[in-house]
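Listed below are the residues making up each chain.
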Amino acid sequence: MTIDQYLFALFALLTCGGAISVVICQNVVRMAFSLIISLASISALFFLLSADFVGATQLMVYVGGTIVLLIFGVMLTSSSALLQIRTSPAEGFLAAGIGVLFLSVFSFTVWSVDWDRNEAKLAGVTAVDVPPQDYNEASSGNTVRPLAMSFVGLRPDKAGKAPGYLLPFEIVSVHLLVVLIGAAYLARTKRRVSAES
Amino acid sequence: MDAIGLNNVLAIGAVLFVCGVICMTTKRNGIGVLMGVELVLNGANLNFVAFARYSSMGLDGHVISLFVIVLAAAEAAVALAIALNFYNNHLTIDVDRGDELRG
Amino acid sequence: MSLILAAESLAEIINSYAECDASSVAIAAVIHVALIGAFFGLPAGIFIWAERKVSARIQDRLGPTRVGGRFGWLQAVADGAKLVQKEDLCPKDADKPLFRIAPYVVVIASFAAFMFLPFTDGWSAVSLDVGMFLLFAMLSLEVIGVILAGYASGSKWALFGGMREAAQMVSYEIPMSICALIPIVMAGTLNLNEVIHYQSADWIGVIPPFLHWNVFHPVAGPAFIVYFVCATASCKRAPFDLAEAESELVAGFLTEYSGMRWSFFFLAEYASMFLVSAVAAILFLGGWDDGFGIVRALKGNSTNVLDPGVIAGNLLGAGVLMLKASKLVLIQIWVRWTLPRLRIDQVMTTCLKYLLPMSCALFLAAVVYPMALVLGTGRPQILPLSNDVSAEAEMSTSSEVEVERAAADGEVT
């Protein structure tokens with residue numbers, strides 16, 4: 001086994017363990033902590049898959065931003081008595097059964113597809129892969145510059161044969177602005193009706 | 001190079017997805033449901049990055065997963081605002097109590 | 001792959017003696033961890049002592065004088081020894097596992113950020129293209145430990161302190177990151193070592209090289225000040241130490257902690273002070289560049305890492321970076337013992353109403369300024385460009401992009 005495989009096994013275990021404990025935990029803050037472990041391990045998996053920019057974004061936006069937002073939500077919406085809202089055991093068993101069924105279907109699908117054959121077909125229709133060049137070796141993941149260029153509409157990795165992402169990028173930026181304003185509008189403090197009367 | 005293998009990564013993605021779905025269906029806490037959504041999105045993200053790594057799709061997978069991360073952050077912000085409003089109206093975050101369908 | 005990049009170059013050297021891939025990588029990783037641990041722990045210890053001495057002098061006292069002979073220089077070790085002996089308390093209402101884990105989250109986040117610091121030219125544990133981005137991502141994880149500590153303590157003081165602290169850290173991160181982006185945009189890379197290369201230059205006639213540092217740039221100079229204010233706030237240092245406002249919140253999220261766990265928070269605070277100061281030195285003050293071309297002269301054109309000139313130059317560079325970072329930490333200590341504490345609403349007003357618009361305006365100016373300069377004078381910067389290696393490097397990369405773009409256009413048509 002190479003060191004990559006050891007690291008992959010470790011982070012895969014952490015990812016799955018975190019996800020399962022999100023499901024099992026009843027306390028919301030512990031759920032959030034398990035989610036942090038799971039998402040941080042996913043960012044490590046991204047690094048192992050040589051997607052360094054995506055991994056860094058995952059850490060920055062997801063773990064450092066979204067989860068902190070969720071924990072703030074937990075703090076703002078729960079007095080300590082309501083922190084644990086239990087699900088009934090029957091629901092739990094039903095969900096576990098459906099989950100196992102789902103998982104078996106997915107695993108069966110994943111292992112029954114011959115990826116190599118599809119890959120050969122796919123390689124026929126897409127352009128040749130030009131390895132991006134930057135300060136690091138290509139194998140250690142240098143996705144920053146090609147990603148930035150694809151966001152302004154250039155595709156160095158496809159030798160210009162694939163579309164860039166300028167329009168989606170602009171749409172997402174406008175979307176974020178709208179969401180920012182909308183969320184601030186929704187979350188502003190309103191007096192309760194009972195308090196007024 | 002192929003030390004990890006596509007199938008293993010896809011399997012992790014499947015586990016995340018299933019955990020997320022179970023979380024969304026069973027949790028009665030609104031924030032817990034949101035966490036389930038995050039897990040599902042991350043499972044999908046992992047698949048995108050894995051396909052970007054193990055196929056000739058190049059950077060498309062990375063770009064899509066970046067969009068997913070950004071949109072998930074936006075979704076969390078809006079959902080949280082809704083949860084706060086829910087809490088203001090019902091004084092609880094138990095989603096089973098939100099079955100009135102009126103103001 | 002990138003995860004093991006940390007140990008790659010050292011692993012190659014070890015591998016040349018014994019042919020075993022995985023274990024040599026592991027050994028190299030352990031060596032790296034030990035080195036970074038030294039850089040993490042030693043400055044923190046020194047600054048704890050310095051804080052006591054400086055605060056004493058500012059308040060017209062002597063401070064520690066006895067431990068370790070003169071000047072009380074062993075005071076930090078004595079403090080540590082005292083804290084180890086203390087009882088590790090865990091309150092009855094606390095969420096025990098989270099309460100115990102929270103200090104480690106803070107320490108690990110601050111320690112992991114040290115991985116991306118280039119201590120001197122090429123001497124960084126992980127030299128990634130996204131180095132600067134990852135560093136800030138790691139720093140942003142610290143806030144999770146603070147929130148967990150605040151919640152898990154099961155105490156009102158701790159919860160209020162933790163929430164205030166989290167709100168403050170999250171808000172100050174935004175102007176801080178925008179200001180840190182300004183040198184990044186100027187250098188055109190997220191790799192911290194390349195940012196320093198961009199700032200280091202040779203003598204051009206009588207113009208000393210330190211004028212190439214970003215702090216002397218008309219846009220990046222003000223950005224340095226904004227960055228430093230935000231960095232002070234994000235390290236929860238006075239005048240922004242609302243979390244530990246003794247007069248209102250006992251000790252904020254630290255209220256219920258004692259002994260070793262408390263000292264972990266303390267260690268992480270001093271380590272992240274040093275870290276943000278080192279990042280400020282790298283982004284704005286030329287990093288390992290000494291400002292008079294000595295490091296560059298020592299290194300010459302040699303590419304062999306084991307060349308005596310290169311080693312001397314690198315060691316001097318590391319010393320220079322440490323000196324700059326320590327100066328900035330001393331400024332933080334000086335500010336802490338001089339200025340009164342702000343109120344929580346004043347802290348948020350400072351960030352959201354003043355620092356954030358300022359940083360956005362500076363970012364815009366940093367983008368527009370070179371264009372305006374090219375239109376006005378025909379050159380992208382005021383200083384002459386002759387025998388400037390970084391400018392040449394920039395030219396070559398941009399010409400590569402041109403070539404690629406031309407190739408792409410050719411393919412399309």
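Keep in mind it's a predicted model, so treat the numbers as computed, not measured.

Novice: Can you tell me about the overall build of chain C, naming the residues and giving the values?
Specialist: The number of helices and strands found in chain C is 15 helices and 0 strands. For chain C, the residues scored as buried account for 51% of the 413 residues in total. Long-range contacts, defined here as pairs at least 24 residues apart, represent 75% of the contacts in chain C between residues at least 6 apart. A total of about 18,600 Å² of accessible surface is found on chain C, and carbon and sulfur atoms cover 69% of it.

Novice: Kindly report on the overall build of chain A, identifying the contributing residues and their values.
Specialist: Each helix and strand counted, chain A has 8 helices and 0 strands in total. Reading chain A from its N terminus to its C terminus gives the helix and strand order α-α-α-α-α-α-α-α. Within chain A, buried positions represent 42% of all 197 residues. Considering only residue pairs separated by 6 or more positions, chain A has 52% of its internal contacts joining residues 24 or more positions apart. Summed over all atoms, the accessible surface of chain A reaches about 10,200 Å², with 71% contributed by carbon and sulfur.

Novice: I'd like a description of the interface of chain B and chain A, backed by residues and values.
Specialist: With 70 residues of chain B at the contact, the number on the chain A side is 81 residues. A buried area of about 6,800 Å², summed over both sides, lies between chain B and chain A, and 77% of it is on carbon and sulfur atoms. Listed by contribution, the elements that provide at least two residues to the side of chain B that touches chain A are α1 (6–26), α2 (30–54) and α3 (60–90) of chain B. Top contributing element to the side of chain B that touches chain A by residue count: α3(B), with 23 residues.

Novice: Give a detailed account of the domain arrangement of chain C, specifying residues and quantitative values.
Specialist: All names here are of chain C. Examined at the domain level, chain C breaks down into domain 1 (1–64) and domain 2 (86–400). Here domain 1 meets domain 2 over a buried area of about 2,000 Å², counting both sides, of which 83% is carbon and sulfur. The largest share of the area that domain 1 buries against domain 2 comes from Phe40, Phe47 and Glu51, three residues that together contribute 36% of it. If you look at where domain 1 meets domain 2, you find 1 salt bridge. Here Glu51 and Arg336 are joined by a salt bridge, their closest N and O atoms 3.7 Å apart. Along the contact surface separating domain 1 from domain 2 lie 2 residue pairs in polar contact (both at pLDDT 80 or more). Elements with a contribution of two residues or more to the side of domain 1 that touches domain 2: α1 (2–5) and α3 (21–58). No other element matches the 15 residues that α3 contributes to the side of domain 1 that touches domain 2. Residues that form the side of domain 1 that touches domain 2 fall into these classes: 13 nonpolar, 5 polar and 1 charged.

Novice: I'd like a rundown of a nonpolar patch on the surface, residues and numbers included.
Specialist: All names here are of chain C. Residues Leu181, Val185, Leu364, Val367, Val368 and Met371 make up a contiguous nonpolar surface patch of roughly 490 Å² in combined accessible area. Among the secondary structure elements, those contributing two or more residues to the nonpolar patch are α7 (156–187) and α14 (344–377). Here the element with the most residues in the nonpolar patch is α14; it accounts for 4 residues. Within the element layout of this structure, Val185 appears in helix α7. The exposure class assigned to Val185 is partly exposed, which follows from its relative accessible area of 37%.

Novice: Quick rundown of unusual backbone geometry? Include the residues and the values.
Specialist: Phi angles above zero are rare outside glycine, and A:Ser50 is one such case at about 50°. Even without glycine at this site, C:Asp60 takes up a positive phi of about 60°. Residue placement: C:Asp60 occurs in the loop between α3 and α4 (75–85). According to the relative accessible area criterion, C:Asp60 is exposed, its value standing at 72%.

Novice: An account of α7(C) is requested, with residue identities and associated values reported.
Specialist: Residues and elements named next belong to chain C. Here α7 is 32 residues long and its end C-alpha atoms lie 47 Å apart, about the 46 Å a rise of 1.5 Å per residue gives. Along α7, the largest kink reaches about 25° and is centred on Glu173; proline Pro175 follows within four residues of it. Following α7 by one or two positions, Gly188 has its phi on the positive side, about 75°.

Novice: Just give me the short version of the environment of C:Val54, but keep the residues and values in it.
Specialist: Residues and elements named next belong to chain C. Tracing the backbone shows Val54 in helix α3. It is 8.4 Å that separates the C-alpha atoms of Val54 and Trp337, two residues lying 283 residues apart in sequence. Residues in contact with Val54, not counting those within four places in the same chain, are Leu330 and Ile333.

Novice: Give a description of helix α9 (residues 220–234) of chain C that names residues and reports values.
Specialist: Residue and element names in this part refer to chain C. Taking 1.5 Å per residue as the helical rise, α9 with its 15 residues ought to reach 21 Å, and the 20 Å between its terminal C-alpha atoms agrees with that figure. Most of α9 is tucked away, with 12 of its 15 residues classed as buried. A positive phi of about 55° marks Lys236, the residue just after α9.

Novice: Residues and numbers for the packing of aromatic side chains, please.
Specialist: This model, assessed by the stated rule, comprises 20 aromatic pairs over all chains. Taking the centre distance of 5.7 Å and the plane angle of 80° together, the rings of A:Phe151 and B:Phe67 count as edge-to-face. Taken as a pair, A:Phe151 in helix α6 (residues 144–151) and B:Phe67 in helix α3 lie in two separate chains rather than in one. Note on accessibility: A:Phe151 and B:Phe67 belong to one class, buried.

About the criteria used
- Residues numbered from 1 in each chain as written.
- Chains lettered and ligands numbered in written order.
- Predicted model: local features only at pLDDT ≥ 70, side-chain atom pairs only at ≥ 80, totals over all residues.
- Heavy atoms only, no water.
- Helix = DSSP H or I, 4+ residues; strand = E, 2+ residues; numbered from the N terminus.
- Buried < 20%, exposed > 50% of the residue type's maximum accessible area, 1.4 Å probe, protein only.
- Contact = heavy atoms within 4.5 Å.
- Areas by Shrake-Rupley, 256 points an atom, 1.4 Å probe, with all protein chains shown as cover.
- Buried area = accessible area lost by both parts, 1.4 Å probe.
- Domains from an automatic or database assignment.
- Salt bridge = Lys/Arg side-chain N within 4 Å of Asp/Glu carboxyl O.
- Polar contact = N/O pair within 3.5 Å; in protein donor to acceptor, adjacent residues only side chain to side chain.
- Nonpolar A, V, L, I, M, F, W, Y, C, P; charged D, E, K, R; others polar.
- Patch = residues over 30% accessible without salt bridge, like charges linked within 9 Å, V, L, I, M, F, W, Y side chains within 5 Å.
- Expected span 1.5 Å × (residues − 1).
- Bend = angle between axes of the 7 residues up to and from the residue.
- Phe/Tyr/Trp six-rings, centres within 6.5 Å; stacked < 30°, edge-to-face > 60°.

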